[in-house]
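Working through the structure, step by step
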Amino acid sequence: MFVVNEDLIRRLHKMLGLSQRRFSEETFSHNQVWPQRMTFFNRMLLSDLVTISNHWHIPIRYLIRKDTETEPLMSVDDIVYQGDWREVKLNVDAFRRVYQTACARKGRKNVHDALGVTASCIWRWLTVRFTVRAQMVCDFCNFTGVDLLDFVRDPNWKAMKSAPLHAQNQPSPTPVYEGFFSAGVANTEDVLASLTRLQSENMVLSASVRSLRQQMEQVRGILLTLDGVSPASTAPQTVEILRAFGFAGSESLFTPYGWQGDAWGEGVPTLEDFVARCNERQESTSRFLVLPAVAAIFNAGALRPADGAFQPILLHDDALDYVMKAAGLDVPNARSVSVADFCCALNALHLTPACCIDDVNTCYPPLFADKMVRELAGK
């Protein structure tokens with residue numbers, strides 16, 4: 001059976017010594033593509049993997065492999081093809097042929113049900129744009145018995161498919177150790193110098209980690225001191241506090257939004273149902289969207305007008321569609337997106353719910369990016 005090699009794909013940018021954004025820029029010419037794919041991994045397209053394959057000379061069958069191919073991939077040298085690279089291509093005509101053959105054998109409805117798609121979706125793949133997800137490719141191959149290489153042309157893999165996994169590269173010994181064993185004691189000093197340099201670099205890295213921990217403790221202290229303070233006075237300081245400690249714009253260190261299912265207590269609703277129920281209950285959206293760790297500076301409670309009256313919450317469809325597409329969630333009706341996915345999109349794009357939700361009953365930090373979304377979506 002075919003499986004998406006998620007472990008390798010998620011580690012790939014680190015194996016190449018790159019950040020997610022740098023890897024995204026070099027591979028896709030856009031620094032947001034790869035962080036979005038890592039956030040919404042199930043939306044990874046087959047064309048994304050083909051782009052990675054051609055850019056980094058990694059045969060496609062390392063990215064989508066058979067579950068019988070279990071040899072560990074330890075380094076970039078193990079997976080990068082060392083010969084003359086020939087471009088990997090998606091052959092839509094070949095997919096059309098194997099799809100029609102599979103429908104004749106398995107039944108068209110059974111094939112569609114196995115993929116979880118409609119006939120119109122297949123039609124768009126074959127006639128408009130082949131935007132099939134990588135996981136669906138695996139499902140299709142596993143259900144129909146089709147081989148991935150029947151419609152993904154990868155001459156680099158086929159040229160070496162009869163050889164054992166990784167045999168085409170024949171990695172040579174590491175130069176430092178090769179020199180050490182061949183030249184004996186003469187190169188011992190080089191080895192010791194390398195070890196000394198690595199030890200120094202490790203000390204610098206350890207110091208950076210300690211400094212980061214101290215900064216995080218300081219932020220934690222600020223959060224504790226702000227607990228119970230009026231959200232109207234603390235919210236405008238949010239961005240300044242985060243920027244002072246180097247957390248602004250960091251996906252890994254600061255993700256303020258997440259679905260608070262315990263507070264809601266009724267599963268994960270769609271965004272439209274969520275807003276409707278908040279209006280019905282007359283409750284602020286922040287209670288269910290803001291993580292407890294940052295609630296102290298974002299919103300210590302539902303901020304109400306002076307008279308205590310609840311104001312209706314509104315969704316801006318244009319802005320919501322814009323945000324969902326930017327996050328890689330290009331769905332027919334953005335209102336049908338789950339609140340959990342909506343929070344992930346906000347964190348990935350560094351926005352607040354205020355970019356597309358009008359809720360004067362709460363106090364989200366005022367961000368210029370939210371205003372830009374409204375402006376761009378309105379054009």
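This text gives an overview of the structure that appears in the document. Quick caveat, the model's predicted, so the values are computed rather than measured. (Residues numbered from 1 in each chain as written. Predicted model: local features only at pLDDT ≥ 70, side-chain atom pairs only at ≥ 80, totals over all residues. Heavy atoms only, no water.)

It is worth spelling out the pattern of salt bridges at this point. Any two side chains of opposite charge can pair, so long as their charged atoms come close to each other. Considering all chains together, one arrives at 14 salt bridges under this definition. The residue Asp317 makes a salt bridge to Arg335 at a minimum N-O spacing of 2.5 Å. Of the two residues, Asp317 sits in helix α20 (residues 317-326) while Arg335 sits in the loop between α20 and α21 (339-349), which places them 18 residues apart along the sequence. Residue Arg335 is classed as partly exposed on the basis of its relative accessible area, which comes to 21%. The residue Arg374 makes a salt bridge to Asp358 at a minimum N-O spacing of 2.7 Å. In this pair, Arg374 is assigned in helix α22 (residues 368-377) and Asp358 in strand β6 (residues 357-358), connecting sequence segments 16 residues apart. Judged by relative accessible area, which is 27%, Asp358 ranks as partly exposed. One continuous salt-bridge network, built from bridges that share partners, spans Arg61, Lys66 and Asp147. (Salt bridge = Lys/Arg side-chain N within 4 Å of Asp/Glu carboxyl O. Helix = DSSP H or I, 4+ residues; strand = E, 2+ residues; numbered from the N terminus. Buried < 20%, exposed > 50% of the residue type's maximum accessible area, 1.4 Å probe, protein only.)

Attention now moves to the side chain of Thr285. With respect to the secondary-structure elements, Thr285 resides in the loop between α17 (271-281) and α18 (286-289). A polar contact is formed between the side chain of Thr285 and the side chain of Asp359, at a distance of 2.7 Å. Not counting the four nearest positions on each side in its chain, Thr285 is found in contact with Phe274, Cys278, Ile313, Asp359, Thr362 and Tyr364. (Polar contact = N/O pair within 3.5 Å; in protein donor to acceptor, adjacent residues only side chain to side chain. Contact = heavy atoms within 4.5 Å.)

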